[in-house]
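Next come the chains, spelled out residue by residue.
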Amino acid sequence: MADELPVGYVGTRMTGEASSLELDDGMATRVLIVDDEAVVRDAIGVVLSDEGYECRTTSGAESALDVAREVDPHLVISDIKMPGKDGLWLLDRLRRERPDTAVLMLTAYGDTEAAVECLRRGATDYLLKPPKSTDLLRAIERALSRRRDERARERYRTSLQRTVREKASDLRHALVE
């Protein structure tokens, strides 16, 4: 069975009942983990898989963008400092190409300026590596909750705009008659 899994696949634990990890589309929450350190990627992947998340991993920002295009993750967890393109480059591309994707940034350095820059560019949160499991899980839940709220607001806004157009059209027709 392990030979059939895609490269970078960590896995997921599935249960027979609906999970709080399912988003509004009814699917298991897809998480992409990006870090040049295999130990960090794998450790986070195991923790999240045990919690019921469907995880994919990759070692660089450019490959992460390719994987994101393929699997449409709900959440990306990325290291900031990586060889080649860094996590900020990935964050910028994700904000442009996949604005609905929540992004958590990780770093081994306690750099306040980097944290502020990540948040300014649209990251949902910023954690020091290695994150404690409880801190990571709380940050993920906050990020996914914010994502759900934003999507609900967008659906409401779209519905409200449609209603306003319909009522305006009805009013125009009534005034013409």
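In this text, all values refer to a predicted model and were calculated from it rather than measured experimentally.

(A) A look at helix α1 (residues 38-50). With 13 residues, α1 extends 18 Å between its outermost C-alpha atoms, agreeing within 8% with the 18 Å of an ideal straight helix rising 1.5 Å per residue. Positive backbone phi, at 105 degrees, marks glycine 52, one or two positions downstream of α1.

(B) Spatial organisation of the packing of α1 against helix α5 (residues 133-176). Contact geometry of α1 with α5 gives a least axis separation of 11 Å together with a crossing angle of 65 degrees. On the basis of their axis angle, the class for α1 and α5 is roughly perpendicular. α1 and α5 meet at a crossing whose hand is right-handed. Of α5, the residues touching α1 (which contributes Ile44, Val47 and Leu48) are Ser133, Leu136, Leu137 and Ile140. When the residues that make up the contact of α1 with α5 are grouped by side-chain class, the tally is six nonpolar, one polar and no charged.

(C) Broad picture of the environment of arginine 148. Mapping arginine 148 onto the fold places it in helix α5. Exposure remark for arginine 148: the relative accessible area of 23% places this residue in the partly exposed category. Sequence separation of arginine 148 and alanine 102 is 46 residues, and the distance between their C-alpha atoms is 9.9 Å.

(D) How the structure looks around the pairing of strand β4 (residues 75-79). Within β4, five of the five residues are buried, which leaves the element mostly enclosed by the surrounding structure. The alternating pattern of β4 places Leu75, Ile77 and Asp79 on one face and Val76 and Ser78 on the opposite face, and all of these are buried. Bridge count between strand β2 (residues 30-34) and β4: four bridges; the pairing is parallel. What sits directly across from valine 31, in β4, is leucine 75. Looking at chain direction, β4 and strand β5 (residues 102-107) are connected through five bridges and run parallel.

(E) Quick peek at the packing of helix α2 (residues 61-71) against helix α3 (residues 87-97). In the contact formed by α2 and α3, the axes pass within 9 Å of each other and the chain directions differ by 25 degrees. Of the possible angle classes, the one that applies to α2 and α3 is roughly parallel. Between α2 and α3 lies a crossing of right-handed hand. On the side of α2, the interface is formed by Ala61, Glu62, Ala64, Leu65, Ala68 and Arg69, while α3 contributes Trp89, Leu90, Arg93, Leu94 and Glu97. When the residues that make up the contact of α2 with α3 are grouped by side-chain class, the tally is seven nonpolar, no polar and four charged.

Conventions adopted
- Residues numbered from 1 in each chain as written.
- Predicted model: local features only at pLDDT ≥ 70, side-chain atom pairs only at ≥ 80, totals over all residues.
- Heavy atoms only, no water.
- Helix = DSSP H or I, 4+ residues; strand = E, 2+ residues; numbered from the N terminus.
- Expected span 1.5 Å × (residues − 1).
- Axes fitted to C-alpha atoms, helices over the stretch in contact; angles between N-to-C directions.
- Parallel < 35°, antiparallel > 145°, perpendicular 65-115°, else oblique.
- Left-handed = near helix turned anticlockwise from the far one by under 90°.
- Contact = heavy atoms within 4.5 Å.
- Nonpolar A, V, L, I, M, F, W, Y, C, P; charged D, E, K, R; others polar.
- Buried < 20%, exposed > 50% of the residue type's maximum accessible area, 1.4 Å probe, protein only.
- Pairing = 2+ DSSP bridges.

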